[in-house]
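The primary structure of each chain is shown beneath.
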Amino acid sequence: MTTQTKRLSRAEQVHAATPPSRNRVVDFLRAAAITVVVLGHWTIVAVDPRTGIEPHGVLDHAPWTHPLTWVFQVMPIFFLVGGYSNAISWRSARKKDQTYGAWLRTRLRRLGIPLLPLLIIWLIICWVAIGFGAPLSTMQLASQMALIPTWFLAAYLMVIVFAPLTLVAWERFGWWSVIIGLVLAGVVDLISIGLDNALIGYANYVLVWVSVHQLGYAWLDGRLAGTARRLALAGIGAVGLALLVGLGPYPVSMITSGSDEISNSNPTRITMAFLGMVQAGLVLAVEPALSRVLQRPRLWLLTVLVNQRIMSWFLWHLTAMVGLAQLLLTLGGIGLVQPLTTGWWLTRPLWCLVLLAITAVFVLIFGRFESPKPDPRPAPPIWKPVAAAICCVGGVAVLASVGLVGAQGVNWYWPVLVLAGMVAFGVLRMPWDRPRTPRAEQTDQPAVP
C-alpha cells in the first residue's frame, strides 16, 4: 500500500468515525482561526537587523495595513465557537448531573495544563539568560512577546467561569442578554476613555467577550438560522463598527499599533464586539457551503489534526519566532532583511515555513499535555476550581501584559501563582489525591472524533 493510499485510508477512517450530528464547521473555524492568528503574528512582528524585534512593526510603519486587521483579528471567532462548544458541554453536564465544580475543573485541566510547560520553560530561560548577563530590557521584551498568547487564555477562562450563568441568561432573555452586554460594554468604554483610565476598560474583557460568546449560543439554538439573519447580523456589526471608528475615538486597526492613542484590543473595546458580529454573520452565511466541503475526508482529517494540538500551536508559535529572531540577531542579523522592503515581503513565505518547522518541534514535544489522563477524583466543591481560575487568570493576565522580567529582575511569582493555584486547588492531580470513586469526573477530550 502506498503512502498516499495509507493517508487516504486514515482520512476515510476519521471521516466515517465522525458522528453525523457533529457540526464540522465549528472545528474548521477553530482550526482556521488559529492558522490566521499564527501567520498573522509571524507577519506583523518585524525583526529589524538594526533595531531588533518590533512587536507591531508592520502596523507601525505601514498604516495601509490597518484596515486588513478587520480580517486578520479573528479572536472573535474563537469566542463564537467557544460559545457553541461550551453550551453543548454544560448542557451535557447538566443532563448527567455533573456539578459545576467538576465541569469547571475539567475545563481548567484542558486549558491550564498545556500552559504550564510554557511558563516553566520561560521562567528558566529568563533566570539563566539574566544570570549570564543578558540585558533586562531584552528579556522583558522577549518574554512579553512569547507570552502574548496567554491574554486569550485569561479572557477565555473568565468567560468559561461565567458560562453557566450566561447560558441561563440566554435561555431566559435571548437577544436581550447580548444587547445588555453591549450597552454595559459601551458604558465601560465611555468612562474608561473619558477618564483616560485603561484599568476601568479591562472590565470589557468579560463584557465584550461574553457578548460574542452569546452569539455561539444563538448559533447552536438556531436563532441565527438562515442566510438573511446571518447577513443582517453582519450588517448591524458593520454599521456599528463604521460609526464607532468613523465618528468615535476608536482607531481603524483592530490590533494594537504604536501610532494609535487608543487600542481596540488592549484593553478590549466595544469595537471588538461589533467586529465579532461582522465576522460571525459572514462565516455563518457560508456555513452550508463549508459543511459540504468538510465532507471531503482529507480536509476533515487536516481539521481534526490541527484541533488535536491546537493549544500547543497557539501557545508556542511566538516562542519559536522569538527564539529564531534572537538567534539571528546574536549572529549579527544574518538572514534578516530590513522590514517592509521588497526583499522582506518576498522572504515572508520562507520565514513562515521555517517558523512552522520550529513550532512543529515544540508541538511534538509538548503536545502531549493537551491530552491529560482521565481524572477519577470526586467532584470538588465549587470554590476550589473558581479559586484556581482566579489564580490562572490573574497570573497570565499580568504575564501577557508585562512579560516575566521587570526592572528588578525576574517576576517569578506570576507563573508560580498559576502553578500553585492549579496544585493547591486541585486542578492538577497529585500522587496523594484520592483513588477512583463512583462519581468520577470525565476527561474533557479535544474537539476531535
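A quick note: this is a predicted structure, and the numbers were derived from the prediction, not measured.

Basis of the calculations
- Residues numbered from 1 in each chain as written.
- Predicted model: local features only at pLDDT ≥ 70, side-chain atom pairs only at ≥ 80, totals over all residues.
- Heavy atoms only, no water.
- Helix = DSSP H or I, 4+ residues; strand = E, 2+ residues; numbered from the N terminus.
- Expected span 1.5 Å × (residues − 1).
- Buried < 20%, exposed > 50% of the residue type's maximum accessible area, 1.4 Å probe, protein only.
- Core = buried A, V, L, I, M, F, W, Y, C linked by side-chain atoms within 4.5 Å.
- Axes fitted to C-alpha atoms, helices over the stretch in contact; angles between N-to-C directions.
- Parallel < 35°, antiparallel > 145°, perpendicular 65-115°, else oblique.
- Left-handed = near helix turned anticlockwise from the far one by under 90°.
- Contact = heavy atoms within 4.5 Å.
- Nonpolar A, V, L, I, M, F, W, Y, C, P; charged D, E, K, R; others polar.
- Patch = residues over 30% accessible without salt bridge, like charges linked within 9 Å, V, L, I, M, F, W, Y side chains within 5 Å.
- Areas by Shrake-Rupley, 256 points an atom, 1.4 Å probe, with all protein chains shown as cover.
- Salt bridge = Lys/Arg side-chain N within 4 Å of Asp/Glu carboxyl O.
- Bend = angle between axes of the 7 residues up to and from the residue.
- Phe/Tyr/Trp six-rings, centres within 6.5 Å; stacked < 30°, edge-to-face > 60°.

J.: Kindly report on helix α7 (residues 115–131), identifying the contributing residues and their values.
T.: With 17 residues, α7 should reach 24 Å at 1.5 Å per residue; the first-to-last C-alpha distance of 25 Å fits that figure. Within α7 the residues assigned to the buried category are Leu-115, Leu-116, Pro-117, Leu-118, Leu-119, Trp-122, Leu-123, Cys-126 and Ala-129. Positioned one or two residues after α7, Gly-133 has a phi angle of 100 degrees, which is positive.

J.: For the nonpolar core, give the residues involved together with the corresponding values.
T.: Most often, soluble globular proteins keep nonpolar side chains buried together rather than apart. With 115 residues, the main nonpolar core has Trp-122, Phe-152, Trp-209, Trp-219, Met-321 and Trp-351 as its most contacted residues. No other element matches helix α9 (residues 150–173), which puts 13 residues into this core. Among the nonpolar cores identified, the runner-up in size contains five residues, and Ala-11, Trp-300, Leu-301 and Val-304 belong to it.

J.: Summarise the packing of α9 against helix α20 (residues 383–402); cite the residues concerned and give the values.
T.: The N-to-C vectors of α9 and α20 enclose an angle of 155 degrees; their axes lie 8 Å apart at closest approach. Relative to α20, the element α9 lies roughly antiparallel. For the crossing formed where α9 meets α20, the hand is left-handed. Only Ala-389, Cys-392, Val-393, Val-396, Ala-397 and Ala-400 of α20 make contact with α9, whose side of the interface consists of Thr-150, Trp-151, Ala-154, Leu-157, Met-158 and Val-161. Counted by class, the contact of α9 with α20 contains 11 nonpolar, one polar and no charged residues.

J.: Any details on a nonpolar patch on the surface? Residues and values, ideally.
T.: Together, Ile-120, Ile-124, Trp-127, Val-128, Phe-132, Trp-412, Tyr-413, Val-416, Leu-419, Val-423 and Trp-432 make up an exposed nonpolar region whose accessible area comes to about 1,100 Å². Elements supplying a minimum of two residues to the nonpolar patch: α7 and α21 (413–424).

J.: Please set out α9 residue by residue, giving values where relevant.
T.: The end-to-end C-alpha separation of α9 is 32 Å, in line with the 34 Å expected for 24 residues at 1.5 Å each. The largest bend along α9 measures about 60 degrees and falls at Ala-163, with the proline Pro-164 one to four residues further on. Gly-174 lies just past α9 and shows a positive phi near 60 degrees.

J.: Mind laying out the packing of aromatic side chains, listing which residues take part and the relevant values?
T.: The full count for this structure, using the stated rule, is 24 aromatic pairs. Seen from their ring centres, Trp-316 and Phe-362 are 5.0 Å apart, and the 15 degrees between their planes marks the pair as stacked. With Trp-316 in helix α17 (residues 310–330) and Phe-362 in helix α19 (residues 348–366), this pair connects stretches of sequence that are 46 residues apart. Ring-pair connections join several aromatic residues into one group, and the members of that group are Phe-78, Phe-79, Trp-151, Phe-152, Tyr-156, Tyr-202, Tyr-205, Trp-209 and Phe-314.

J.: I'd love a proper account of the environment of Val-47, names of residues and values included.
T.: Residue position: Val-47 is located in strand β1 (residues 46–48). Here Val-47 falls in the buried class, since its relative accessible area comes to 5%. As for Val-47 and Leu-108, which are separated by 61 residues in sequence, their C-alpha atoms are 35 Å apart. Sequence-distant contacts of Val-47, that is, excluding residues within four places in its chain, are made with Gly-52, Ile-53, Ala-325, Leu-329, Leu-336, Val-337, Pro-339 and Trp-351.

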